[in-house]
Amino acid sequence: MDFVDAVKSAAHGDVLHGVAAAALLGIIFHLSIRPIEFEFIMYHFMAVSVLTFVGMIYAFGLLKALLFAVSFNIAVLTSIAVYRLAFHRCRTFPGPLGAKVTKFYAARLSAKNVQYYKELAKMHGQYGDFVRTGPREISVLRKSAVPLLYGPNSECRKSTWYGQTGNDPKKCSIHMTRDFEDHRIRRRAWDRGFSIKALGTYEPRIKAKADLFKDQLAKHEGQPMDMSAWAMFFSFDVMGEIGFGKDFNNLVSGVEHSAIKGVHAHMTMLGIMSTVPWLLNVLSSIPGAAAGYSEFFSFCAGQIREKHQTWDGEKYPQDIVSWLLKAVKDKDVSAPPSAAALEDDSRVVIIAGSETTATTLAGALYYLAKCPSKQKKLQRYLDDAMPAGYSQWSYEKIKSIPYLDDFINETLRLRPALLTGGARETPAKGLQIDDTYIPGNTNVVVPVSLLQRDPRWWQQADEFIPERFGDLKEEMETDKAPYLPFSLGAYSCPGKNLAQMSLRIALSMIARNFEVAFAEGEDGQAFEKEILDTFTVTLPPLRLRFSPRDG
Ligand code: HEM
């Protein structure tokens, strides 16, 4: 009996044949969708499934429809599991059984404590440097993987993770653009906004924000202040100013901007769900499901509208979004290809620019408090550069204090702003990493936070030693160790110089003007151990006390 007959017989009450036909259909369905990136049409598939189910109820009645649907789904899932375990191109890689079958395994691990990077560490401890962490995902803990995945000649594109907000390159941000060529072209508009000349226009405005920060620290002299929150206020205000030419007013009010609140409130959920590449895609397609972000989305859209009206296209752009608008106005090929893409880019400005800088600044302040001798050393360099006090501050002066950069670099080594992000997909021909061949079209994760603390390449790996980037560089073989807090290559961070500028300005202001110590009852343990892996990092509170140094 062939398949059509089977369906007919089902219609005539032959339930068993119907169930078998549905199961067969399930297997055929799985085999036929295997070559495509099905995660990107999952939402459509689900919608079609619901319609088909309703049609089946109409044709066969509820009970039979249920039976056929269950049979179809069990067959699909069994076929997927058998294929992934026994026939998949990644089948020979070791890893937990659950991870080999489904990415929901990673979601479950992430949901435990939202510290997926720790789970990755455990898996690498158990299975070695190459672990199958998803059906077609390998996590690699090898220094040699870095240039192959992120180097200038890498042929690896962004992984399927980047398709989770939709896979239309005309509508998504630069960060979610997976196609090499599309990305390369769009990157030019961004890079103009971070040129040396553009940075020169940003510097005095960042300094003005740092001075507002200084006023708040002085006002709260000796009182505990949550630096996870205040570092965020600083960096959001900087990105408001440099990203949009707008005052977000966090530093003055001491309150988080309402548009950002919703984003932060949903960061944990985002961190868990984004481990399954299609889950966010499906949810974001359901009207109302992303309500938590709606204020942030409409805020950014409003900012773009406002800019369109107020921006003088003849003037030299004063902020990053104006650089993107200029590309649109000039009909430059690098311009965001649609209004939706421009809006998405504006959201990236805030998220990519603020969260990362804030967590790094909070991290640096943590180390100031934790390592008083390093704090003293940094203060000596700053005092030498400004013997008569902070009034002598200039960016030129602090930029040439190598220890300030060493301090920031070491913070970024121990506390990178992206703990496990930045996965890449191997080219169709695959990728050879040392003696291991990774098959083509496989997502590869390089857990940066583990790599940057790996004792195989880093001496006294868990200790905060800024000198490893300076006087002890040769002795500690720093240049040979894997270090990529801003990632590397074509998709690396375009905002690196801006971030470094903000961090130098803020850290030099704080260390020059204040003694930094843990507040009473704070020992930094939670800040050290309880950071959440939500693509960017979510920090627990860090209560510090600031006492003025001069007078
Ligand atoms: C300490 C601060 C910062 C750190 C550690 C950092 C780190 C990173 C990393 C690791 C990536 C690569 C992400 C990936 O591969 O998916 C990235 C991308 C990006 N960053 Fe940053 N970043 C920082 C600050 C900034 C700032 C201030 C901006 C300014 C808006 C910015 C804008 C971006 C953008 C637009 C991308 C996407 C680039 C692309 O896909 O071509 N970042 N950043």
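Residues numbered from 1 in each chain as written. Predicted model: local features only at pLDDT ≥ 70, side-chain atom pairs only at ≥ 80, totals over all residues.

Engineer: Can you help me understand the sheet that holds strand S4 (residues 225-226) in this one?
Structural biologist: For sheets, the rule is that strands pair by backbone hydrogen bonds, running either parallel or antiparallel. With antiparallel pairing, the three strands of this open sheet are ordered in space as S4-S12-S9. The sheet terminates laterally at S4 and strand S9 (514-518), the two strands that pair on one side only. Inspection of the sheet shows S4 paired to strand S12 (residues 543-548) by two bridges, in the antiparallel sense. Across the sheet, residue Met225 finds its bridge partner in S12, namely Leu544. (Pairing = 2+ DSSP bridges. Helix = DSSP H or I, 4+ residues; strand = E, 2+ residues; numbered from the N terminus.)

Engineer: Sorry if this is basic, but what is going on with the UniProt feature "transmembrane region" (unreviewed entry) in the protein chain here?
Structural biologist: Mapped onto this numbering, the UniProt entry annotates "transmembrane region" (unreviewed entry) at residues 15-33 and 40-60. Summarising residues 15-33: 100% helix, 0% strand, and an end-to-end C-alpha distance of 27 Å. (UniProt positions renumbered as here; feature names shortened; annotations may be inferred.)

Engineer: Even after reading the chapter, I still don't get helix H23 (residues 496-513), so can you show me in this structure?
Structural biologist: Side chains three or four residues apart in an α-helix point the same way, a direct result of the helix having 3.6 residues per turn. The end-to-end C-alpha distance of H23, which contains 18 residues, comes to 26 Å, matching closely the 26 Å that a straight helix rising 1.5 Å per residue would cover. Among the 18 residues in H23, 16 count as buried, and that is most of the element. (Expected span 1.5 Å × (residues − 1). Buried ≥ 20, exposed ≤ 12 C-beta atoms within 10 Å, placed from the backbone.)

Engineer: Can you walk me through the pairing of S12 in this structure?
Structural biologist: A regular strand places its side chains so that they alternate between the two faces of the sheet. As judged from the five bridges shared by S9 and S12, these two strands associate in the antiparallel manner. Bridging across to S12, Phe514 finds its partner in Pro548.

Engineer: When you look at the site of the ligand in this model, what are you seeing that I'm missing?
Structural biologist: Near the ligand lie 25 residues; those nearest to it are Gly353, Thr356, Cys493, Gly495 and Ala499. At the level of secondary structure, the elements contributing two or more residues to the shell around the ligand comprise helix H9 (180-192), helix H18 (339-370) and H23. Sorting elements by how many residues they give to the shell around the ligand places H18 first, with seven residues. In terms of residue class, the shell around the ligand is built from 15 nonpolar, nine polar and one charged. (Near = placed C-beta within 6 Å. Nonpolar A, V, L, I, M, F, W, Y, C, P; charged D, E, K, R; others polar.)

Engineer: It is not clear to me how the domain arrangement of the protein chain should be interpreted in this structure. Could you clarify?
Structural biologist: A common way to state how big an interface is: give the accessible area lost once the parts meet. Domain boundaries in the protein chain define domain 1 (3-87) and domain 2 (174-548). Spacing between the C-alpha centres of domain 1 and domain 2 amounts to 47 Å. Contact with domain 1, which involves five residues of that partner, is made by five residues of domain 2. Residue classes in the side of domain 1 that touches domain 2 are distributed as four nonpolar, no polar and one charged. (Domains from an automatic or database assignment. Contact = placed C-beta atoms within 7 Å.)

Engineer: I would appreciate a short explanation of the pairing of strand S1 (residues 130-134) in the present structure.
Structural biologist: Of all five residues making up S1, five are buried, and the element is well covered by its neighbours. As paired strands, S1 and strand S2 (residues 137-140) are joined by four bridges and run antiparallel to one another. Its bridge partner lying in S2, Gly134 is registered against Glu137. Between the antiparallel neighbours S1 and S2 lie two residues.

Engineer: Please clarify how the environment of Lys171 should be interpreted in this entry.
Structural biologist: Structurally, Lys171 is set in the loop between strand S3 (157-158) and H9. Along the chain, Lys171 and Val146 lie 25 residues apart, while their C-alpha atoms are 30 Å from each other. Non-local contacts of Lys171, meaning those with residues more than four positions away in its chain, are made with Gly166, Ser338, Ala340 and Ala341.

Engineer: Would you explain unusual backbone geometry in this entry?
Structural biologist: Trans peptide bonds make up most of the peptide bonds, and negative phi angles are found at most residues other than glycine. Its identity as a non-glycine residue notwithstanding, Lys331 has a phi of 50 degrees, on the positive side. At Ser487, a residue that is not glycine, the phi angle is positive and equals roughly 60 degrees. You can see Ser487 is positioned in the loop between helix H22 (448-451) and H23. Judged by local crowding, Ser487 falls into the buried class, with 20 C-beta atoms found within 10 Å.

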